[in-house]
Amino acid sequence: GDPENPPCARLVLSGTFKNVTGTPEAAVAQDALTATHPAMVDWGCFSTSIEGHDFFLAKLDVTHLWMINIYGGAAIIDPDEYFGVVLENKEAKVQKA
């Protein structure tokens, strides 16, 4: 969408990236990443025996959210409010373009 057109919603997440290497969270993240991008398995991204890649999995510890989705200015959203949303229809699927 057009970044100058507010109905083309924009959400900005900011915070601190945290390396999750060696945690149970990393195993789940790696499985999800390679399920979506199976070619990465052959790249050696997470192998300690291949030099030069230095890939690691990280998560964003979100501290601020800024959203503009309509005329009249941006909204500052509290992270607890954003992550506390309960979806009414948990079976809803996101359509891929």
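Q: Talk me through the overall build of the chain; I want residue IDs and the actual numbers.
A: When you go through the chain residue by residue, the secondary structure sums to three helices and three strands. Mapped from its N terminus to its C terminus, the chain presents α and β elements in the order β-α-α-β-β-α. Here the chain, with 97 residues, has 13% of them falling under the buried criterion. Counted over contacts in the chain with a minimum sequence separation of 6, partners at least 24 positions apart contribute 62%. When the accessible surface of the chain is summed, it comes to about 8100 Å², and 57% of that surface belongs to carbon and sulfur atoms.

Q: Report on a nonpolar patch on the surface, specifying residues and quantitative values.
A: There is a patch of nonpolar side chains on the surface, built from Leu11, Leu13, Tyr82 and Phe83 and spanning about 370 Å² of accessible area. Elements with a minimum of two residues in the nonpolar patch: strand E1 (10-19) and helix H3 (79-83). One can find phenylalanine 83 in helix H3. For phenylalanine 83, a relative accessible area of 54% puts it in the exposed group.

Q: Any details on the side chain of threonine 34? Residues and values, ideally.
A: Considering the arrangement of structural elements, one finds threonine 34 in helix H1 (residues 24-36). Using a relative accessible area of 16% as the deciding quantity, one classes threonine 34 as buried. One polar contact links the side chain of threonine 34 to the main-chain carbonyl oxygen of glutamine 30, over a distance of 2.9 Å.

Q: Explain the pairing of strand E2 (residues 58-68) residue by residue, including any values.
A: Direction of pairing for E1 relative to E2: antiparallel, over a ladder of 10 bridges. Looking across to E2, one finds that lysine 18 is bridged to lysine 59.

Q: Explain the pattern of salt bridges to me, using residue names and the numbers behind them.
A: Following the criterion strictly, the structure yields two salt bridges and no others. The salt bridge involving lysine 18 is made with aspartate 61; its shortest N-O contact spans 3.2 Å. Taken as a pair, lysine 18 in strand E1 and aspartate 61 in strand E2 lie far apart in primary sequence, 43 residues in all. Residue lysine 18 is classed as partly exposed on the basis of its relative accessible area, which comes to 37%. Residue aspartate 61 is classed as partly exposed on the basis of its relative accessible area of 33%. Glutamate 25 is the salt-bridge partner of lysine 59, the closest N and O atoms lying 3.3 Å from each other. Of this pair, lysine 59 sits in strand E2 while glutamate 25 sits in helix H1, and the two are 34 residues apart along the sequence. In this structure lysine 59 comes out as partly exposed when scored by relative accessible area, which is 36%.

Cut-offs used in this document
Residues numbered from 1 in each chain as written. Predicted model: local features only at pLDDT ≥ 70, side-chain atom pairs only at ≥ 80, totals over all residues. Heavy atoms only, no water. Helix = DSSP H or I, 4+ residues; strand = E, 2+ residues; numbered from the N terminus. Buried < 20%, exposed > 50% of the residue type's maximum accessible area, 1.4 Å probe, protein only. Contact = heavy atoms within 4.5 Å. Areas by Shrake-Rupley, 256 points an atom, 1.4 Å probe, with all protein chains shown as cover. Patch = residues over 30% accessible without salt bridge, like charges linked within 9 Å, V, L, I, M, F, W, Y side chains within 5 Å. Salt bridge = Lys/Arg side-chain N within 4 Å of Asp/Glu carboxyl O. Polar contact = N/O pair within 3.5 Å; in protein donor to acceptor, adjacent residues only side chain to side chain. Pairing = 2+ DSSP bridges.

Honestly, it's all geometry; don't read function into it.
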